[in-house]
Structure formats: structure tokens, C-alpha cells
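Structural characterization, general
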Amino acid sequence: MPASRRRFLRNAASASVAFPAMAAQSAVSPNSKVRIATIGIGGMGFGDTRNALKDPGVELTAVCDLYTGRLERAKELFGTDLITTRDYREVLARNDVDAVIIATPDHWHVPIAIEALKAKKDVYLQKPMIHKISEGKPLIEEARRSGRILQVGSQYVSSAIYRKAREIVQSGQIGQLTMVEAWLDRNTATGAWQYTLAPDASPATIDWDRFLGSAPKRPFDANRFFRWRNYNDYGTGLAGDLYVHLLSGLHYVTNSKGPRSVYTTGGLRYWKDGRDVPDVMLALFDYPQSKEHPAFNLALRVNFKCGMPEERFGFRFVGTEGSFTTSYDTLEMVRTPEESVPGYTIGTFPKAMQDAYLKEYNEKYPEMVRKNKGRVVENSSFKASDGYSAHVAHHEAFMEGVRTRKPVVEDAVFGMQAAGPALLCNESYYQKSILYWDPERMEPVKS
Ligand SMILES: NC(=O)c1ccc[n+]([C@@H]2O[C@H](COP(=O)([O-])OP(=O)(O)OC[C@H]3O[C@@H](n4cnc5c(N)ncnc54)[C@H](O)[C@@H]3O)[C@@H](O)[C@H]2O)c1
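Basis of the calculations
Residues numbered from 1 in each chain as written. Predicted model: local features only at pLDDT ≥ 70, side-chain atom pairs only at ≥ 80, totals over all residues. Helix = DSSP H or I, 4+ residues; strand = E, 2+ residues; numbered from the N terminus. Rg over C-alpha atoms; globule rule 2.2 N^0.38 Å. Buried ≥ 20, exposed ≤ 12 C-beta atoms within 10 Å, placed from the backbone. Contact = placed C-beta atoms within 7 Å. Near = placed C-beta within 6 Å. Nonpolar A, V, L, I, M, F, W, Y, C, P; charged D, E, K, R; others polar. Domains from an automatic or database assignment. pLDDT = per-residue confidence, 0-100. Expected span 1.5 Å × (residues − 1). Pairing = 2+ DSSP bridges. Axes fitted to C-alpha atoms, helices over the stretch in contact; angles between N-to-C directions. Parallel < 35°, antiparallel > 145°, perpendicular 65-115°, else oblique. Left-handed = near helix turned anticlockwise from the far one by under 90°. Core = buried A, V, L, I, M, F, W, Y, C linked by C-beta atoms within 7 Å.

A look at the overall build of the protein chain
- Looking only at helices and strands, one finds 14 helices and 16 strands in the protein chain.
- Scaling as 2.2 N^0.38, a compact globule of 447 residues should have a C-alpha radius of gyration of about 22 Å, and the protein chain matches this with 25 Å.
- Along the first, second and third principal axes, the C-alpha set of the protein chain runs to 90 × 50 × 45 Å.
- Within the protein chain, the fraction of its 447 residues that count as buried is 41%.
- For the protein chain, restricting intrachain contacts to residue pairs at least 6 apart in sequence, the fraction spanning at least 24 positions comes to 74%.

Given below as C-alpha cells:
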């Protein structure tokens, strides 16, 4: 292996994921209960709450949601003593809440997170961290200023599979990384965000004005409320919603701070139900060389009508000496070390030239070496243990941060490094052009 390559691997292995400046003292002593509240208790809010409560040291104080049916359901599941409200500020004002889970639609992430940090709560903020690129820096600033723990909810950053992938890439087992492919393909209506509208949905059961927040005013629309992902006013499309997971996983594995350029194409091919976001998106990224990794290329794909019975989600990391593919809970690796004999393509040359070439070749590569020609291909695989959940692991990582005040990996800077380029993909899609990003300054640049 060349010396420069060894040096790179050493640097990569010793480089840790970037951590932010400081962490303030917790209201929670290491052994006391952590009292949480969930703001936005829909599909993910219920999941996050359940996962957080797997820790016997966690108690649920309150939940906040804008749809009455979900507040009722929360009481059915978590007890009639649970405090419920439509106004998140009531939750933030409570002294018996140490940390909040924010699982609202994307356009509410930053406004609520900033208020929560100001109210001295630790924050588990669902992905994507931001709805607009301009929201990133104010949130990073408030997280630093407050010294609270803020963890973004892309659980792959705590996944055993990605930990294994990181170990493989950083120890050089597949040689030098050259490119990465990643995909998330679905084929069902609910997978394509056609969620069920509550039969009792009305302005009486839903706080429509609060849902809109800073989004353009419009009359009550249950479809927009329950299927908010399909509209740019509230969601972030395939890129913000799903690319962000892939970018978070990739950045964790490679220690990367982000790409230099993106180009995205796609279209609304099948789910023409009034949505204003595409259902197929393909993106190409250039990752520049950095202290942590060599330059590499990334290709991402999300397709909501993929022609396969099951959802597919995975990565393929390709290096000079091997490659591996991941799924939700497995990793399959093939190692193909460099050929010991280069081979030849001399059949079209004059006979005398072929003879001379072969003579020299056979001297250079003795019979023993030629017999072992080619590669020693090694296959190996890794599987997460039965019942393993990256979601649970990610909540454990958050609680560890809350109790110890040690910085978490997926902090606000990490969240921005993934969400910024993901949102730039949307801009590239709408503008139909290559766009550029400064990974250090975390902002779009002209070239
Ligand atoms: N990490 C993951 O794998 C994952 C998976 C799914 C969703 N998510 C994220 O979780 C978030 C929620 O997604 P979901 O699928 O649960 O959506 P959802 O529509 O099922 O739930 C969102 C809930 O937020 C409530 N809400 C909206 N505005 C609010 C406000 N201002 N105050 C309080 N509550 C409010 C709504 O009433 C709704 O019940 C999104 O940001 C999404 O990207 C993450």
C-alpha cells in the first residue's frame, strides 16, 4: 500500500466525527429520571416516545399535538394522567420536562427547537433538522449558546450496520473509497406518503391555523394536514425526507463534512394526487478530498414506484480493493485485493512481438506467481442481532448525552451537514442545474 494511502487511513481512523463547542450542566443528575415530553405525536412521535420509554430511567410527562384524536390515543397508550395540549409553549414552560422530542412536520422543526433550547430543554429533533437552508445557522448558534444537548433523529448514525461500515472504510479494508451508491425504493401507496385521513378530521378536531404556522394561509384541508410531506410548504420532498438519511449514514461512515456539488433530476411519474413534490429523484454528488477521506462520487436514488414488492434501502461502498452493500440489518462485503499479475492483451500484435513480450513477461512473473494469478477474493457478511433497532440505539445515544452532558455525534452541525446538501438537491431539481456547496461554511456557493 502506498505511504500516502497509509497516512490517509491513519488520519481517517483517528479523526472523530466533529463535535461542537460546549455542553451545559443538566437539570438531570446522572441517576435521576429524565422527564420527557413529545411535541408532534403522529407516526414518528409515537414511535420515538415508545423507543425513549424503553429506558426505565425515562418518564413521559406531556404530549402536544394539533389533532385531538392523537392526544386521545396518547392517553390510551401512556395513561390518563398524561398532560396533553395543542400548544407546545405550555410544554416548554413546564419545570417537570427535562427534554423534548420534536416530531412535527418539517416546517415546525426549527421554530420549536429554538424555543425549546431557550427554555433550557434538551432536544431530540426529528430529521431533516431544517425546512429551509437559511434556518440551519440560527439553530446551530442557539444550540451552542444554550449548551443544551440537541440530537437530530437520523437513527442510522447510531446503527450497528453503519458502525460496521465505518470500521471497514476507515481501516482500509476496501482500499481507497472511489464511489458510493445509495437507494431507497418503495412501491406502495402508504410508502408514497398517501397516509389515512382521520374520519373525524375537521377544524374542530384539528388546530389548522397553528399547523400552517409560517406557511401560506389557506382554507382547512385534511389532505394537507395528514399528507403534509407531499407539499413543499410543510415538507422537504424526497431529498429532505429521505436523502437526508442516506447523507447522514454516509457522513457517519466516512467522517465527511459534505459534498462540493450536487445535480438532481427526476419527476412526478406516478403518484399524481395533487402533490407538488416529485416521486422519482436521482442525484449525483462530488465529495472533495479532505483530511478525512479521498475525493469520491456519490449517486443517490429514491423511487416511489419501483416495481418491486418490498421496500429496498441500502448503500454500496466501492473501494480500490473491495466493496460492500448494506440493507437495514445486513452488510455483505467482497474484498478484491489488487491483481498479483497484470495479464496481457497481445493477440492482435505481430507474432514476433507477441513471442518477445511473452518471454519477458514470464521472466518478470515466475510460474508460481502466474499460477496464483488474479485475486484472492474474500466474501464476508455482518448481521445485526435479532430484534436490534437503530431507532432504540439512537434514543440511547441521546439519553447518554442528556445524562453525561457529553456531546452527541448527530448534533446540530452534523444535522446541517446532511440537511443542507439534501435541501440543495431540491433546489437543483427545480432549477435544473448543478449547484455548489461549501462543506466547511455549510452554505451554497456560486461555483
Ligand atoms: N427518523 C425516521 O426514520 C423518521 C420516520 C418518519 C418520520 N420522521 C420525521 O418525523 C417527523 C414527523 O413525521 P410523521 O410521519 O410522524 O408525521 P405525522 O403527520 O404522522 O405526525 C406529525 C404530527 O405533528 C403534529 N403537529 C403539526 N404541527 C404541530 C405543532 N406546531 N405543534 C405540535 N404538533 C404539531 C400533527 O398534528 C401530527 O400529529 C417528520 O419530521 C419526519 O421527517 C422520521
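Still more ground to cover, so stick around.
What about the site of the ligand?
- In the neighbourhood of the ligand, 25 residues make up the surrounding shell, with Gly-40, Gly-42, Gly-43, Met-44 and Gln-126 lying closest.
- For the shell around the ligand, the secondary-structure elements that each account for two or more residues are helix 2 (43–53) and helix 8 (208–212).
- Residues of the shell around the ligand, tallied by class, amount to eleven nonpolar, eight polar and six charged.
- Composition of the shell around the ligand by domain shows at least three residues from each of domain 1 (20–156) and domain 2 (157–214 + 223–338 + 376–445).

A look at unusual backbone geometry
- Put simply, Lys-127 and Pro-128 share a cis peptide bond, and its omega is -15°.
- Within the secondary structure, Pro-128 sits in the loop between strand 5 (122–125) and helix 6 (136–146).
- Even without being glycine, Asn-255 reaches a positive phi, approximately 65°.
- Mapped onto the elements, Asn-255 comes out in the loop between helix 10 (237–254) and strand 8 (261–267).

Some points on the confidence of the model for the protein chain
- Looking at the protein chain, pLDDT values average 92 and 92% of them are 70 or higher.
- Long-range and interchain partners of residues 1–24, a stretch whose pLDDT sits below 50, account for 39 contacts in this model, where long-range means more than four residues apart.

Looking at the domain arrangement of the protein chain
- The assigned domain composition of the protein chain is domain 1 (20–156) and domain 2 (157–214 + 223–338 + 376–445).
- Relative to domain 2, the C-alpha centre of domain 1 lies at a distance of 22 Å.
- At the interface, 45 residues of domain 1 touch 57 residues of domain 2.
- Broken down by element, the residue count for the side of domain 1 that touches domain 2 peaks at four residues, all from helix 6.
- The class makeup of the residues in the side of domain 1 that touches domain 2 is 25 nonpolar, 13 polar and seven charged.

With respect to helix 13 (residues 390–404)
- The end-to-end C-alpha distance of helix 13, which contains 15 residues, comes to 21 Å, matching closely the 21 Å that a straight helix rising 1.5 Å per residue would cover.
- Note on helix 13: the residue one or two positions beyond its end, Arg-405, has a positive phi of about 65°.

Topic: the sheet that holds strand 2 (residues 58–64)
- As summarised here, the arrangement of the six strands in space is 3-2-1-4-5-6, forming an open sheet in which the pairing is parallel. Lying at the two open borders of the sheet, with one neighbouring strand each, are strand 3 (83–85) and strand 6 (150–152). Strand-to-strand twist across the sheet, computed as the mean angle between neighbouring axes with direction ignored, equals 20°.
- Here strand 4 (residues 99–102) runs beside strand 5; their pairing, made up of four bridges, is parallel. Within strand 5, the position partnered with Ala-99 by the bridge is Asp-122.
- Docked against the sheet, helix 13 engages strand 1 (34–39), strand 2, strand 4, strand 5 and strand 6, running at close to 170° with respect to strand 6.

So, the packing of helix 10 against helix 14 (residues 412–431)
- Running from N to C, helix 10 and helix 14 point in directions that differ by 140°, and their axes come no closer than 8 Å. By the criterion of interaxial angle, the relationship of helix 10 to helix 14 is oblique. Crossing of helix 10 over helix 14 shows right-handed handedness. Of the residues in helix 14, those touching helix 10 at Gly-237, Ala-239, Gly-240, Tyr-243, Val-244, Leu-247, Ser-248 and His-251 are Phe-414, Gln-417, Ala-418, Ala-419, Pro-421, Ala-422, Leu-423, Cys-425 and Asn-426.
- Within the contact of helix 10 with helix 14, the residues separate by chemical class into eleven nonpolar, six polar and no charged.

Details of the nonpolar core
- In terms of nonpolar packing, the biggest core is built from 94 residues, with Ile-36, Val-100, Ile-102, Ala-113, Val-123 and Tyr-243 touching the most fellow members.
- For this core, the element with the highest residue contribution is helix 14, accounting for eleven residues.
- Counting contributing residues, this core receives three or more from each of domain 1 (20–156) and domain 2 (157–214 + 223–338 + 376–445).
- Excluding its chain neighbours within four sequence positions, the residues that come into contact with Val-100 are Ile-36, Ala-37, Ile-39, Val-91, Ala-116, Lys-121 and Val-123.
- Counting seven residues, the second-largest nonpolar core is a separate cluster that includes Leu-66, Tyr-67, Trp-228 and Tyr-234.

Quick notes on the pairing of strand 9 (residues 280–287)
- Burial of the side chains of strand 9 is restricted to one face: Met-281, Ala-283, Phe-285 and Tyr-287 are buried, whereas none of Val-280, Leu-282, Leu-284 and Asp-286 on the reverse face is.
- With seven bridges connecting them, strand 8 and strand 9 associate as antiparallel partners. Bridged to Thr-264 within strand 9 is Ala-283.

Notes on helix 7 (residues 160–170)
- Those residues of helix 7 not exposed but buried are Ile-161, Tyr-162, Ala-165, Arg-166, Ile-168, Val-169 and Gln-170.
- Taken from the residues just after helix 7, Gly-172 is the one with a positive phi, measuring 80°.

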